[in-house]
Amino acid sequence: MNYAPTSSQMEQVRAFIQRPIEDLSILESQIVEAERHLSDLKARHKKLQQTINMHQAMLHPIRQLPGEIVGEIFMRCLPTIHLPVMTTSQAPILLTHVCRSWRSLALSTPSLWSSLHIAIPRGISESAHRSVTQTRLACLQWWLINSRGSTLNLSLYSPQALRYTYGVGTQFPTTILFYSRRLHFLELQVPHEMLLIVINVPVELPLLEKVVVRFKDGRSRALGGSVGTANIWRAPVLRRVVWESVNAEFFWLPVDWGSMEEIDISGNEVDKYSSSFSHRDARCLVRATPLLQRLRIELTGDLTKHKARQKLGGIPEEPEGPDNAAFLASHPILLSHLTTLDLADVFLDPDIACTFIENLQLPALTTLKYRLMKDSTNIRYAKGHPLLWFLRSQEQWPIQLQNLTVDATSMSREDFIDCLQLLPLLKRLWVKDAREIPVQTTWDEDDEELEREEEEDKIWSGCVVGTEVVPDDGILEALQPSCPVVGTSKVTAGPNPRLEYVRFDRSKFTLQALQKFVKLRSLTQAHDSGHSPSSRRGFLQHIHVGLMYPRPEAEAEKFERQCLGRAIKITLKFAQRREGRGFASHLGITNLADEGIRILDDEL
């Protein structure tokens, strides 16, 4: 207001506001008193609540559980995708930071401390490295003391960035060897000098059942035969061997081949064929290991690499050339106990030799991971695809295979569909594809659909369709049941009625086809079980697909709600929409292998 009152008017205003000012002062005093009283009430409330909480905690049902039950719960808190590590953010150390009773119980449960991943620490200077090493060693000793008499599962890892150990690096393998009589599982990914300390020291290893030796960068060249003839392979109950990128002769290992239950031999990107086998050597290996339960192996087309027979002994010699097929037909390889096979295969000229897998009889096989080495699909094979030939040649029917993982580049779509037709008990299917997904990420409204189709045509050209699975709506049609008969609600089950998990890392499925697939699957399962689609369990439970186009929000949300209503977990990975034209590689799997922790990302 711009009005200027006169002197008499100002006196009138002062007289008018005198009483409100007095009332306001009284009200403020009352507010202060009320706030003080409220503060007192809050303090009393807090104290009473604390007293109640403290006493209610004594009544919590967990306090009534026997220590053995709580200890079992503690065991279920341990990591399941890697060995426990020395960190306060995970069990078992986390459990010791809750309360005194939990700490006491955790420290008195030896099995909680029976497994450990040991990462050798790094210091920025010699003094810092010595200090952090002594701290880590003290924690290691404390951990192993808590394990008391339990058998031990240990993993020792030395990071590639650790170039200088200043004379203290050998203390970790020395500490482990002190507990050699209790070792049950031992994994080593360390430099040569540390490795040789562990595997060559003449100590007793009466309980050692599994040994893992890894060289991710192919550093084992200088070792020669020192790894293959080491003392550790003479452990009396050794049954499982993982041999990754070790450039030494695997068949020199002084193990009891007839007792082996698991063999895992593979190479790496740097030293690709350091741990690969010829088909002939692979057959010799499995003939010598009749009790084998799990096998992971990489094959090479090098027919000159066959030294297994001379070293394993007692293995029938295979003839060369065309007679090879007749010999193998009369000497089939039966592995009655093999449940898991992870095979990196290569094509061979059938006029020269037979492939490894086509001569196997595996009646107990439930999990198969298959990939065909690059460029092998360019070789014409008269009998058809080796995997398809293997499935058709199995004498036991139905084939017991429940889990199948196939690389998308390993076979044609036609062969893939034919394989599915032979697997009525299949529950989990994963078509792996680690390649980046090229996608045009900026679309004009007028030509969006046309440009998208042109871009996809470049990716899935005709020549690729002939050698790759190429997941499109046609694949879903091969997997889904038949449509309901007109006038009825009955749906006939498809070739894989027990399918629970479906994953395609890189696909061109339309959301409409996915919706139809889920709907028909749910109708079939509801009909077979006699329950509503949302109440059944044990059927389709999880779909994971990578799609080569940006996310259409409305359609995607509708499909996700549809799956949620049918109790199906859905994971959709779309191409990221970005400005300009470029590539989206967001579908790759993140490798959380910090400090050598091996995260299990294989969902099968």
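Preceding this paragraph is the structure being described.
1. Quick word on unusual backbone geometry
The phi torsion of most residues other than glycine is negative, and most of the peptide bonds are trans. For the bond from Ala-91 to Pro-92, the omega torsion is 10°, close enough to zero to count as cis. As for its placement among the helices and strands, Pro-92 is situated in the loop between helix H2 (67-76) and helix H3 (100-107). For the bond from Trp-397 to Pro-398, the omega torsion is 0°, close enough to zero to count as cis. Counting through the fold element by element, Pro-398 comes out in the loop between helix H10 (386-393) and strand S13 (403-407). With phi around 50°, Val-470 is a residue other than glycine that occupies positive phi space.

2. Describing the packing of aromatic side chains
Here the structure, examined in full by the defined rule, presents eleven aromatic pairs. Site record: aromatic cluster; members linked through ring pairs are Trp-233, Trp-243, Phe-250, Phe-251 and Trp-257. The aromatic ring of Trp-430 is capped on one face by Lys-432, whose charged end is 4.8 Å from the ring centroid.

3. Structural notes on the environment of Arg-283
Residue placement: Arg-283 occurs in helix H7 (residues 279-288). Each C-alpha atom of the pair Arg-283 and Ile-357 lies 8.9 Å from the other, and the pair is 74 residues apart in sequence.

4. Topic: a nonpolar patch on the surface
A cluster of nonpolar side chains, Val-13, Phe-16, Ile-17 and Ile-21, forms an exposed patch at the surface whose accessible area comes to about 400 Å². Here Val-13 lies in helix H1 (residues 7-58).

5. Quick word on helix H4 (residues 126-146)
Look at H4: 30 Å from first C-alpha to last across 21 residues, which is about the 30 Å you get at 1.5 Å a residue. Tucked inside the fold, the buried residues of H4 contact H3, strand S1 (115-119), strand S2 (152-157) and helix H5 (171-178). Following H4 by one or two positions, Arg-148 has its phi on the positive side, about 50°.

6. A look at helix H11 (residues 413-421)
Every buried residue belonging to H11 is among Asp-415, Phe-416, Cys-419 and Leu-420, and all of these are buried. Seen end-on, H11 carries its buried residues on one side only, within an arc spanning 140°. Considering only its buried residues, H11 is in contact with H10, strand S14 (428-432) and helix H14 (473-479).

What counts, and at which threshold
Residues numbered from 1 in each chain as written. Predicted model: local features only at pLDDT ≥ 70, side-chain atom pairs only at ≥ 80, totals over all residues. Heavy atoms only, no water. Helix = DSSP H or I, 4+ residues; strand = E, 2+ residues; numbered from the N terminus. Phe/Tyr/Trp six-rings, centres within 6.5 Å; stacked < 30°, edge-to-face > 60°. Lys NZ or Arg CZ within 6 Å of the ring centre and 35° of its normal. Patch = residues over 30% accessible without salt bridge, like charges linked within 9 Å, V, L, I, M, F, W, Y side chains within 5 Å. Areas by Shrake-Rupley, 256 points an atom, 1.4 Å probe, with all protein chains shown as cover. Salt bridge = Lys/Arg side-chain N within 4 Å of Asp/Glu carboxyl O. Expected span 1.5 Å × (residues − 1). Contact = heavy atoms within 4.5 Å. Buried < 20%, exposed > 50% of the residue type's maximum accessible area, 1.4 Å probe, protein only. Arc of directions from axis to C-beta.

No statement about biological role is implied by the geometric values presented.
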